[in-house]
Amino acid sequence: MSWELLLWLLALCALILPLVQFLRFLRADADLTLLWAEWQGRRPEWELTDMVVWVTGASSGIGEELALQLSKLGVSLVLSARRVQELERVKRRCLETGNLKEKDILVLPLDLTDTDSHEAATKAVLQEFGKIDILVNNGGRSQRSLVLETNLDVFKELINLNYLGTVSLTKCVLPHMVERKQGKIVTVNSAAGIASVALSSGYCASKHALRGFFNALQCELIQYPGITFCNVYPGPVQSDIVKNALTEEVTKPMRNGIDQSYKMPTSRCVRLMLISMANDLKEVWISDHPVLMGTYMWQYMPTWALWLTSKLGKKRIQNFKNGLDPDTSYNIWKTKRD
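Here we summarise the structure given alongside this text. Computed from a prediction, not measured in an experiment: that's the story for all the values here.

About the cut-offs
- Residues numbered from 1 in each chain as written.
- Predicted model: local features only at pLDDT ≥ 70, side-chain atom pairs only at ≥ 80, totals over all residues.
- Heavy atoms only, no water.
- Helix = DSSP H or I, 4+ residues; strand = E, 2+ residues; numbered from the N terminus.
- Rg over C-alpha atoms; globule rule 2.2 N^0.38 Å.
- Buried < 20%, exposed > 50% of the residue type's maximum accessible area, 1.4 Å probe, protein only.
- Contact = heavy atoms within 4.5 Å.
- Areas by Shrake-Rupley, 256 points an atom, 1.4 Å probe, with all protein chains shown as cover.
- Patch = residues over 30% accessible without salt bridge, like charges linked within 9 Å, V, L, I, M, F, W, Y side chains within 5 Å.
- Salt bridge = Lys/Arg side-chain N within 4 Å of Asp/Glu carboxyl O.
- Polar contact = N/O pair within 3.5 Å; in protein donor to acceptor, adjacent residues only side chain to side chain.
- Axes fitted to C-alpha atoms, helices over the stretch in contact; angles between N-to-C directions.
- Parallel < 35°, antiparallel > 145°, perpendicular 65-115°, else oblique.
- Left-handed = near helix turned anticlockwise from the far one by under 90°.
- Phe/Tyr/Trp six-rings, centres within 6.5 Å; stacked < 30°, edge-to-face > 60°.
- Pairing = 2+ DSSP bridges.
- Right-handed = clockwise from strand over helix to strand, strands pointing away.
- Nonpolar A, V, L, I, M, F, W, Y, C, P; charged D, E, K, R; others polar.

Considerations on the overall build of the protein chain
Looking only at helices and strands, the protein chain features 11 helices and seven strands. Its C-alpha atoms give the protein chain a radius of gyration of 21 Å, within 12% of the compact-globule value 20 Å for 338 residues. When its C-alpha atoms are laid out on the principal axes, the protein chain stretches across 70 × 50 × 40 Å. When each of the 338 residues of the protein chain is scored for burial, the buried share is 53%. Sequence separation of 24 or more characterises 75% of the internal contacts of the protein chain that already satisfy a separation of 6 or more. For the protein chain, the accessible surface area stands at approximately 16500 Å², while carbon and sulfur atoms represent 58% of it.

Laid out in structure tokens, this is it:
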């Protein structure tokens, strides 16, 4: 083969590779590193068996689906949330569809805002199973209200629940992991922890705070390579997060009947989360377009992203006032999958 032909082939590859990556990105429902791990990385079925996994916010949505998928991997589960009856329902589903027995699942009611109870809860898990391999910080609530119409107590509740409650529980579990020099801390953040969107100002603030905290914590624990962190940033997902969102007042419920069929199925989101955990990915973005594209823009072109988000914000507020889910303003196209 002549040098001239070799150079032509290299040039052709240099042209084709960006095109292939672009086409992959158009069909992507997660960041490209995560999708590569899904294709070529380690399988959750290999990496997560025989572990003790503590899931907060396990009574519905992502937490419930995570419990169901983990129950098929042969782990020991700790299910925590405030609603005991819902936790018992999730436990029954895990026993019916998974590979676990009664002794493998601990229902542990927990209020993230009651930080005084977190130490006792951690001791209860250690007494039951002897270790905590993975803590999944999934508990939290969203928000649907305008800043000018929202009581300050709503912002306090969001910070206490989403941020301080998560920080408190993490601090209770960390000494055990440091003693063992191993463990995983998975935090379910949100695309709103990278971007910022209208009607969710307090929620965005709490999620941005989580991002800053866990990035700093990773730096502090660099001397413990066996303790890994995975920060998950989902976009719109089919769950109860909108139904349970805070509004203008802490006690005012969110209206019901909001269509979520266009959002990512919870099962797909959780499967990608498990792949992230199995491959020790530090930060992953899980969303269909255009939210995924918007996340890339916020990360790499924040000025343009703010301009675009402000434009979409008008439609988001209009949808909200018309009784629609504000997230429908992002429903420009949906990735089709078999």
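Side note on a nonpolar patch on the surface
Together, Leu5, Trp8, Leu9, Leu12, Leu15, Ile16 and Val20 line one region of the surface with nonpolar side chains, adding up to about 700 Å² of accessible area. For leucine 12, the location among the structural elements is in helix α1 (residues 3-26).

Description of the side chain of threonine 170
In this fold, threonine 170 is placed in helix α7 (residues 152-180). Reaching out from threonine 170, the side chain makes a polar contact with the backbone oxygen of threonine 166 at a distance of 2.8 Å. Once residues lying within four places of it in the same chain are set aside, the contact partners of threonine 170 are Leu135, Asn137, Ile185, Phe214 and Leu217.

Let's talk about the packing of helix α6 (residues 118-129) against α7
In a pair of packed helices, the angle between the axes and the distance between the axes together describe the arrangement. Contact geometry of α6 with α7 gives a least axis separation of 9 Å together with a crossing angle of 45°. It follows that α6 is oblique to α7 by the angle criterion. Where α6 crosses over α7, the two elements pack in a sense that is right-handed. Counting all contacts with α6, which are made through His118, Glu119, Thr122 and Leu126, the residues of α7 involved are Gly165, Ser168, Leu169, Cys172, Val173 and His176.

A few points about the side chain of lysine 91
Among the secondary structure elements, lysine 91 is positioned in helix α5 (residues 84-97). Aside from chain neighbours lying at most four places away, what touches lysine 91 is Leu79, Glu102, Ile105 and Val107.

A few points about the packing of aromatic side chains
For any two aromatic rings, the description comes down to two numbers: the centre-to-centre distance and the angle of the planes. Under the definition given, this model contains seven aromatic pairs. A ring pair is formed by tryptophan 36 and tryptophan 39, whose centres lie 5.0 Å apart and whose planes are at 90°; its orientation type is edge-to-face. Taken together, the residues tryptophan 36 and tryptophan 39, both in helix α2 (residues 32-40) and three residues apart, mark about one turn of the helix. What makes tryptophan 36 partly exposed here is its relative accessible area of 47%. Tryptophan 39 gets classed as exposed once you look at its relative accessible area, which sits at 59%.

Overview of the environment of glutamine 69
Along the polypeptide, glutamine 69 turns up in helix α4 (residues 61-71). Taking the relative accessible area as the measure of exposure, glutamine 69 reaches 13% and is therefore buried. Linking glutamine 69 and leucine 306, residues 237 residues apart in sequence, is a C-alpha distance of 36 Å. Sequence-distant contacts of glutamine 69, that is, excluding residues within four places in its chain, are made with Ser267, Val270, Arg271 and Leu274. Among the polar contacts listed, one links the side chain of glutamine 69 to the backbone oxygen of serine 267, at a separation of 3.1 Å.

Points about the pairing of strand β4 (residues 134-137)
Burial of the side chains of β4 extends over both faces: Ile134 and Val136 are buried on one face and Leu135 and Asn137 on the other. Sheet topology places strand β1 (residues 52-56) next to β4; three bridges connect them, and they run parallel. Within β4, the residue paired with valine 55 across the bridge is valine 136. Direction of pairing for β4 relative to strand β5 (residues 183-188): parallel, over a ladder of four bridges. Pairing of leucine 135 across the sheet is with isoleucine 185, part of β5. The handedness of the β4 to β5 crossover, carried by α7, is right-handed.

Some words on the packing of α4 against α5
Packing of α4 against α5 brings their axes to within 9 Å, and their N-to-C directions diverge by 30°. It follows that α4 is roughly parallel to α5 by the angle criterion. The two elements α4 and α5 meet at a crossing, and its hand is right-handed. Contacts between α4 and α5 pair Glu64, Ala67, Leu68 and Ser71 from the former with Arg89, Val90, Arg93, Cys94 and Thr97 from the latter. Of the residues that constitute the contact of α4 with α5, the class distribution is four nonpolar, two polar and three charged.

Bear in mind that shape data such as this cannot, by itself, settle questions of function.
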